[in-house]
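Listed below, chain by chain, are the residues.
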Amino acid sequence: MLGVFKKTAATYVARIEPFGIEITIPKGQRLLSSALTQGVKWPHRCKVGSCGTCKTLVLSGEIKPQINFGYVLDAEEIEQGYILACQSTLKSDVHVSIPPRTKKLKGKI
Ligand code: FES
């Protein structure tokens, strides 16, 4: 009987570059929405996986895509580890990097 129910983490930690900050993401919550709720200035626009503005590189850890990223990202970007933060939940602690493509990134949380 013991061991039938596997203990799972209720939260994961996301380390976010270039800010060098760590935030806690509840299991099942999307990375972008949780980060925005916690005050992270993460570039975004549509929040539904169609604009690509939230494109983020996963340096380590595992995410679970909520849509097929291939509709927005090209095969090379996906191969390199890019994801859409607005359509990603976490499967582990992660270390991610937001590409430096906007002046807004110079701000902090
Ligand atoms: S905010 Fe538009 S794809 Fe994520």
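Fair warning: this is a prediction, and the values are worked out from it, not measured in the lab. (Residues numbered from 1 in each chain as written. Predicted model: local features only at pLDDT ≥ 70, side-chain atom pairs only at ≥ 80, totals over all residues.)

Undergrad: Looking at this model, I keep getting lost on the overall build of the protein chain. Mind explaining?
TA: Secondary structure assignment for the protein chain yields 2 helices and 7 strands. The N-to-C order of helical and strand elements in the protein chain reads β-β-α-β-β-α-β-β-β. Across the 109 residues that make up the protein chain, the buried fraction comes to 26%. In the protein chain, once contacts between residues fewer than 6 apart in sequence are set aside, the share between residues at least 24 apart is 60%. (Helix = DSSP H or I, 4+ residues; strand = E, 2+ residues; numbered from the N terminus. Buried ≥ 20, exposed ≤ 12 C-beta atoms within 10 Å, placed from the backbone. Contact = placed C-beta atoms within 7 Å.)

Undergrad: Help me out: how do you make sense of the environment of P65 in this one?
TA: If you trace the backbone, P65 turns up in strand β4 (residues 63-65). Sequence separation between P65 and Q87 is 22 residues, and the spatial gap between their C-alpha atoms is 6.0 Å. Excluding its chain neighbours within four sequence positions, the residues that come into contact with P65 are I83, Q87 and S88.

Undergrad: Just to check I follow, could you spell out the sheet that holds strand β2 (residues 21-26) for this structure?
TA: Backbone hydrogen bonds are what pair the strands of a sheet, in a parallel or an antiparallel way. Here 5 strands make up an open sheet; going across it, the order is β2-β1-β7-β3-β5 and the pairing mixed. At either margin of the open sheet sits one strand with a lone partner, and together these are β2 and β5 (82-84). On average, adjacent strands in this sheet sit at an angle of 40° to one another, irrespective of strand direction. The pairing of strand β1 (residues 11-17) with β2 spans 6 bridges and is classified as antiparallel. The residue bridging Y12 from the neighbouring strand is I25, located in β2. (Pairing = 2+ DSSP bridges. Axes fitted to C-alpha atoms, helices over the stretch in contact; angles between N-to-C directions.)

Undergrad: I would appreciate a short explanation of the nonpolar core in the present structure.
TA: Inside soluble globular proteins, nonpolar side chains tend to come together where they are buried. In terms of nonpolar packing, the biggest core is built from 21 residues, with A14, L31, L32, L84, A85 and L90 touching the most fellow members. Elements that contribute at least two residues to this core include exactly β1, α1 (31-37), β5 and β7 (94-97). (Core = buried A, V, L, I, M, F, W, Y, C linked by C-beta atoms within 7 Å.)

Undergrad: In this structure, what is going on with unusual backbone geometry? I would like to understand it.
TA: Note on backbone geometry: most residues besides glycine have negative phi, and most peptide bonds are trans. The peptide bond linking E17 to P18 adopts the cis configuration, its omega dihedral lying at 10°. Tracing the sequence through the fold places P18 in the loop between β1 and β2. With phi around 65°, K47 is a residue other than glycine that occupies positive phi space.

Undergrad: I keep staring at the environment of Y82 and nothing clicks. Help me out?
TA: Within the secondary structure, Y82 sits in strand β5. Each C-alpha atom of the pair Y82 and C54 lies 10.0 Å from the other, and the pair is 28 residues apart in sequence. What Y82 contacts, discounting residues up to four positions off in sequence, is K55, T56, L57, L73 and E77.

Undergrad: Teacher, can you tell me more about the confidence of the model for the protein chain here?
TA: Low-confidence regions, as indicated by low pLDDT, have predicted coordinates that should not be scrutinised in detail. Across the protein chain, the average pLDDT comes to 90, with 84% of residues at or above 70. Considering only residues more than four positions removed or in separate chains, one finds that residues 102-109, a stretch of pLDDT under 50, has 13 contacts. (pLDDT = per-residue confidence, 0-100.)

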